[in-house]
Amino acid sequence: FAQTSLSLEQALEHAEKHNAQNKVRSLEQRAAEKVLWQNIALGLPSVTTAGQYTDNIELPAQFFDINQDGVIDKLQFGTRYTSIGNLSVNQLVFDGSYIVAVLATDVLRDQAALNKEKTSIEVRQQTAQLYHLNVILTENEKVLAENLRLSQSTAVQMAAMAKEGLAELESVDQINLVARQLEVSLNSVRQQKTIAAKMLQLTCGLSVEQNVSLTTGLDQLIQGAVAGESLLQARFNPEQHVDYRVLAAGRMGQSLLYKNDLVGFLPKVYAGYSWTKQYVSEDANVWNPDGYFANNVAFQSWNVSAQFPLFTSGRRIFKAQESRLKVAQLDALLEQTRSAVTVQHLQAKAEFENALTSYRLQFDNVALAKRLRDKARIKFLEGVASSLEYSQAETQYQQTVAAMLASANETLNKRIALEKVLGMYNTSKPE
């Protein structure tokens with residue numbers, strides 16, 4: 001399969017366009033636009049036309065005793081062929097519910113846009129975290145592979161020394177044990193890396209069959225995280241947080257439901273116009289003015305109608321009161337959300353700051369542990385230190401490297417979390 005090179009920014013851009021969840025939200029947003037236009041169209045004039053052609057095979061009859069002689073006479077009226085054409089125009093003049101419905105649909109469209117934005121933010125965070133994990137696992141794989149090579153080289157040297165009687169077989173076994181443990185760890189990391197790579201490809205909307213090469217290394221990622229230390233001083237506005245804006249849009253929707261309940265007490269007014277033309281004839285071509293008994297007539301009319309709700313047994317009043325209480329509930333939730341996201345910001349700042357401090361300490365610890373491991377190896381080869389001391393030094397180094405990489409991953413993810421709280425991934429801002 002083709003090799004695909006992917007930097008962190010490229011991965012984020014690809015996920016924005018091709019992630020399945022983002023695609024679903026985009027379609028929901030487009031559907032909400034169509035609903036808005038549907039509701040707007042309800043207030044536009046509606047024009048209908050209709051036509052009818054009738055062949056009266058036998059005309060209807062009326063029966064009367066015209067001469068008052070006791071004999072019922074049969075009378076037939078009309079012509080055999082009739083055609084009617086009609087044009088009607090209807091227009092909504094006033095309906096408070098229509099106005100509220102258009103406003104509510106606009107809110108629905110905003111909610112769809114906010115849901116898409118929230119999904120995009122979550123996908124961006126997930127993509128960045130998976131990219132970080134892949135880079136960390138790649139770095140861990142390199143370190144373990146190098147340590148395995150070094151341990152295997154040490155084991156070969158010790159085996160040669162034991163053969164000459166210059167070292168004990170137990171020391172050779174101890175070194176082989178260290179090498180085997182490193183090999184197990186290396187295989188485990190490689191399996192994790194394979195799974196993490198597939199998860200990243202799935203999140204980015206790439207085929208899991210592709211071979212992907214990540215071009216942004218750990219050093220670049222860490223430099224970006226350290227440069228993000230200025231975020232600790234960034235101004236925070238809780239009303240820009242996407243969770244707050246989603247809830248605010250929901251509150252606006254509920255407020256419109258309350259207004260809709262109120263305008264239900266107002267009248268509804270409609271207007272209409274109708275134009276009709278009728279043709280009659282004894283000939284099948286009813287529209288021929290020279291036909292037998294041919295004639296035509298046109299007539300038109302207009303009308304205005306109004307509906308006034310007088311009494312609804314009080315149900316509408318209680319429903320309006322219920323809607324008002326729900327608006328008050330959402331007001332309380334908005335205030336709680338404002339406080340909650342403020343606390344989230346403080347927590348994200350503290351966690352990012354602590355992660356940076358921890359990474360710097362762990363980075364220095366790796367250099368120190370490596371020096372101790374290298375010295376222990378030299379002493380061991382010279383016969384000054386025991387195999388157990390060398391094994392302990394190697395284990396300590398591995399643990400220190402693992403802690404440093406875990407701390408690096410934590411630092412990268414905490415920066416992403418802080419950027420998310422600050423609203424740096426928001427695609428729209430509240431007015």
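Residues numbered from 1 in each chain as written. Predicted model: local features only at pLDDT ≥ 70, side-chain atom pairs only at ≥ 80, totals over all residues. Heavy atoms only, no water.

**So, the overall build of the protein**
Helices and strands together make up the secondary structure of the protein, namely eight helices and eight strands. Compactness check: the protein gives a C-alpha radius of gyration of 41 Å against a globular reference of 22 Å for 431 residues, more than 25% above the reference. Its C-alpha atoms give the protein principal-axis dimensions of roughly 150 × 50 × 35 Å. For the protein, with 431 residues in total, the buried portion stands at 34%. The contacts in the protein between residues at least 6 apart in sequence include a share of 82% that link residues at least 24 apart. Here the protein displays about 25500 Å² of accessible surface, and carbon together with sulfur accounts for 55% of that area. The positive charge centre, built from 42 side chains, and the negative charge centre, built from 45, are 5 Å apart in the protein. (Helix = DSSP H or I, 4+ residues; strand = E, 2+ residues; numbered from the N terminus. Rg over C-alpha atoms; globule rule 2.2 N^0.38 Å. Buried < 20%, exposed > 50% of the residue type's maximum accessible area, 1.4 Å probe, protein only. Contact = heavy atoms within 4.5 Å. Areas by Shrake-Rupley, 256 points an atom, 1.4 Å probe, with all protein chains shown as cover. Lys, Arg positive; Asp, Glu negative; His and termini not counted. Charge placed at Lys NZ, Arg CZ, Asp CG, Glu CD.)

**Quick notes on the pairing of strand β7 (residues 268–281)**
Here strand β5 (residues 81–94) runs beside β7; their pairing, made up of 13 bridges, is antiparallel. By the bridge assignment, phenylalanine 94 is partnered in β7 with valine 269. Bridge count between β7 and strand β8 (residues 295–307): 13 bridges; the pairing is antiparallel. The residue bridging tyrosine 279 from the neighbouring strand is asparagine 296, located in β8. (Pairing = 2+ DSSP bridges.)

**Topic: the packing of helix α3 (residues 96–163) against helix α6 (residues 242–263)**
Helix packing for two helices is described by the angle between their axes and how far apart those axes are. Put simply, α3 and α6 touch, their axes get as near as 9 Å, and they point 165 degrees apart. It follows that α3 is roughly antiparallel to α6 by the angle criterion. Both α3 and α6 take part in a crossing whose hand is left-handed. Judged by residue contacts, Gly96, Ser97, Val100, Leu103, Ala104, Val107, Gln111, Leu114, Asn115, Glu117, Lys118 and Ile121 of α3 engage Val242, Asp243, Arg245, Val246, Ala249, Gly250, Met252, Gly253, Leu256, Lys259, Asn260 and Val263 from α6. Here the contact of α3 with α6 is built from residues that sort into 12 nonpolar, seven polar and five charged. (Axes fitted to C-alpha atoms, helices over the stretch in contact; angles between N-to-C directions. Parallel < 35°, antiparallel > 145°, perpendicular 65-115°, else oblique. Left-handed = near helix turned anticlockwise from the far one by under 90°. Nonpolar A, V, L, I, M, F, W, Y, C, P; charged D, E, K, R; others polar.)

**Side note on the nonpolar core**
Counting residues in each nonpolar core, the largest one holds 32 residues, and the members touching the most others are Cys204 and Leu218. The set of elements that each furnish at least two residues to this core consists of α1 (8–18), α3, α4 (169–204), α5 (218–227), α7 (315–381) and α8 (387–421). Per element, the largest residue contribution to this core is eight residues, and it comes from α3. Counting 10 residues, the second largest nonpolar core, distinct from the first, contains Leu231, Phe236, Leu356 and Leu422. (Core = buried A, V, L, I, M, F, W, Y, C linked by side-chain atoms within 4.5 Å.)

**A closer look at the environment of valine 172**
Tracing the sequence through the fold places valine 172 in helix α4. Residue class for valine 172 comes out buried when judged on its relative accessible area of 10%. As for valine 172 and threonine 105, which are separated by 67 residues in sequence, their C-alpha atoms are 77 Å apart. Those residues in contact with valine 172 that lie beyond four places of it in its chain are Met158, Ala159 and Ala162.

**Quick word on the packing of aromatic side chains**
Evaluation of the coordinates by the stated rule reveals five aromatic pairs. On the numbers, 5.6 Å between centres and 35 degrees between planes, the contact of tyrosine 53 with tryptophan 287 is tilted. Placement of tyrosine 53 in strand β2 (residues 46–55) and of tryptophan 287 in the loop between β7 and β8 is noted, with a sequence separation of 234 residues between them. Owing to a relative accessible area of 47%, tryptophan 287 belongs among the partly exposed residues under this scheme. Here the aromatic rings of tyrosine 359 and phenylalanine 363 are separated by 5.9 Å at their centres, their planes lie at 40 degrees, and the arrangement is tilted. Residue tyrosine 359 and its partner phenylalanine 363 are located together in helix α7, separated by four residues, close to a single helical turn. A residue is classified by how much of its surface remains accessible, and tyrosine 359, at 10% relative accessible area, is buried. On the accessibility criterion, phenylalanine 363 (46% relative accessible area) is partly exposed. (Phe/Tyr/Trp six-rings, centres within 6.5 Å; stacked < 30°, edge-to-face > 60°.)

**Brief notes about the sheet that holds β7**
If you trace the four strands from one edge of the open sheet to the other, you get β2-β5-β7-β8, paired in antiparallel fashion. Whereas interior strands pair on both sides, the edge strands pair on one side only; in this sheet they are β2 and β8. Sheet twist, expressed as the average angle between the axes of neighbouring strands with direction ignored, equals 15 degrees. Here β2 pairs with β5 via 10 bridges, running antiparallel. Opposite tyrosine 53, over in β5, you have serine 83 as the bridge partner.

**Describing a nonpolar patch on the surface**
A grouping of Val47, Leu87, Tyr273, Trp275, Trp302 and Val304 is seen on the molecular surface, where their side chains present a nonpolar patch of about 630 Å² in accessible area. Of all the secondary-structure elements, those providing two or more residues to the nonpolar patch are β7 and β8. Looking at the secondary structure, you find valine 304 in strand β8. (Patch = residues over 30% accessible without salt bridge, like charges linked within 9 Å, V, L, I, M, F, W, Y side chains within 5 Å. Salt bridge = Lys/Arg side-chain N within 4 Å of Asp/Glu carboxyl O.)

**Re the environment of tryptophan 275**
Relative to the helices and strands, tryptophan 275 resides in strand β7. For tryptophan 275, a relative accessible area of 33% translates into the label partly exposed. Taking C-alpha positions, tryptophan 275 is 4.2 Å from glutamine 300, a pair spaced 25 residues apart along the chain.

**As for the packing of α5 against α8**
α8 packs onto α5 with a crossing angle of 50 degrees between their chain directions and a minimal axis gap of 9 Å. As the angle between them shows, α5 and α8 are arranged oblique. Considering only the axes of α5 and α8, their crossing is left-handed. Residues Leu218, Leu221, Ile222, Gly224 and Ala225 of α5 pack against Leu405, Ala408, Thr411, Leu412 and Arg415 of α8.

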